[in-house]
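# Inside the fold
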Amino acid sequence: MMSDRTIRTAAIERNTNETQIALSFGVDGAGESKQESGVPFLDHMLDLFTRHGHFDLTVKAKGDIEIDYHHTVEDIGICLGHCIREALGDKKGIKRYGNAFVPMDDALAQVVIDISNRPHLEYRAAYPTNMVGQFPTELVHEFLWKLALEARINLHVILHYGHNTHHMIEAIFKALGRALDEATTIDPRVKGVPSTKGVL
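Here's what I pulled together on the structure shown here. Values in this document were obtained by computation on a predicted structure and should not be read as measured data.

Looking only at helices and strands, the chain features four helices and ten strands. Moving toward the C terminus, one meets the helices and strands of the chain in the order β-β-β-α-β-α-β-β-β-β-β-α-β-α. Its C-alpha radius of gyration of 16 Å places the chain within 12% of the 16 Å reference for a compact globule of 200 residues. Summarising its shape, the C-alpha atoms of the chain cover approximately 45 × 40 × 30 Å along the three principal directions. Taken across its 200 residues, the chain has 52% of its residues classed as buried. By sequence separation, contacts in the chain at least 24 residues apart represent 75% of the contacts at least 6 residues apart.

Below, the structure is given as structure tokens:
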């Protein structure tokens, strides 16, 4: 693991009896994305998140996907959240708040973020199907909750409408990238940490 205030990158290796994950994340990236999770739909969503947030993200994961995708998706959320928190360091100068609306054909998603050090997920999404290919839609909540918990962010996800489940989830991940990009942007007007408490 590493973190640097100027470079704003972090990496983690997490090994359990269920998953082995190596993940690196850069806040100030070029949208470079390389995913090998064994969960193709999650790889696709993380690629969208990375490119729309202008981050750099590498994920190499091996999990017990012969059972199901749950452990792998959950643990990648844990690792990504950890790296987001580590990469942001003391959080000095960041905007702190981010808000993004993203349409995807029939779907409209909104993600609002507060990098508050108070983890919370508010998730307002319902899908017309329980699966996208082999991917259970309930794992979107699992991923986002573990991400918010480990990144220690306040994360609100609102899926306003849609009728194609793939489009709906895609809009969420694109909005997640854009909202996090806004919240992590350095604002030269911000002196120190953007909080009256003096700490985040």
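On we go.
Sheet topology note: the strand β6 (residues 107-114)/strand β10 (residues 154-161) ladder contains seven bridges and is antiparallel. Note that in β10 the partner of Gln 110 across the bridge is Ile 158. Summarising the sheet, strand β7 (residues 120-124) and β10 pair through five bridges and their orientation is parallel. In the strand pairing of β10, Arg 124 is matched with Ile 158.

Interaxial distance between helix α3 (residues 138-151) and helix α4 (residues 165-184) falls to 12 Å at its minimum, and their mutual angle equals 15°. When the axes of α3 and α4 are compared, the pair comes out roughly parallel. Crossing of α3 against α4: the hand is left-handed. In this structure, α3 uses Val 140, Phe 143, Leu 144 and Leu 147 to contact α4, whose residues at the interface are Ile 169, Ile 172, Phe 173 and Leu 176. When grouped by side-chain class, the residues that make up the contact of α3 with α4 number eight nonpolar, no polar and no charged.

Contact geometry of helix α1 (residues 40-53) with α4 gives a least axis separation of 7 Å together with a crossing angle of 35°. In this structure, α1 meets α4 at a crossing whose hand is right-handed. Here Phe 41, His 44, Met 45, Leu 48, Phe 49, His 52 and Gly 53 of α1 come into contact with α4, specifically with His 166, Ile 169, Glu 170, Phe 173, Lys 174, Leu 176, Gly 177, Arg 178, Leu 180 and Asp 181. Of the residues that constitute the contact of α1 with α4, the class distribution is eight nonpolar, five polar and four charged.

Another aspect to go through is the state of the cysteines. Within this structure, the stated rule accounts for zero disulfides. Cys 83 takes part in no disulfide bond, and the closest cysteine sulfur, belonging to Cys 79, lies 6.9 Å away. Residue Cys 83 is classed as buried on the basis of its relative accessible area, which comes to 0%.

Turning our eyes to something else, we now look at the sheet that holds β7. With respect to topology, four strands assemble into an open sheet ordered β5-β6-β10-β7, the strand pairing being mixed. Only two strands of the sheet have a single partner each, and these edge strands are β5 (97-104) and β7. Each neighbouring strand pair of the sheet contributes to a mean axis angle of 10°, computed without reference to strand direction. Taken together, the eight bridges between β5 and β6 define a ladder with antiparallel strand orientation. Counted as the bridge partner of Ala 100 is Val 111 from β6. Across the sheet, α3 is in contact with β7 and β10; its angle to β7 comes to roughly 155°. Running over the sheet, α4 touches β5, β6 and β10 and is turned about 150° from β5.

Conventions and cut-offs
Residues numbered from 1 in each chain as written. Predicted model: local features only at pLDDT ≥ 70, side-chain atom pairs only at ≥ 80, totals over all residues. Heavy atoms only, no water. Helix = DSSP H or I, 4+ residues; strand = E, 2+ residues; numbered from the N terminus. Rg over C-alpha atoms; globule rule 2.2 N^0.38 Å. Buried < 20%, exposed > 50% of the residue type's maximum accessible area, 1.4 Å probe, protein only. Contact = heavy atoms within 4.5 Å. Pairing = 2+ DSSP bridges. Axes fitted to C-alpha atoms, helices over the stretch in contact; angles between N-to-C directions. Parallel < 35°, antiparallel > 145°, perpendicular 65-115°, else oblique. Left-handed = near helix turned anticlockwise from the far one by under 90°. Nonpolar A, V, L, I, M, F, W, Y, C, P; charged D, E, K, R; others polar. Disulfide = S-S within 2.5 Å.

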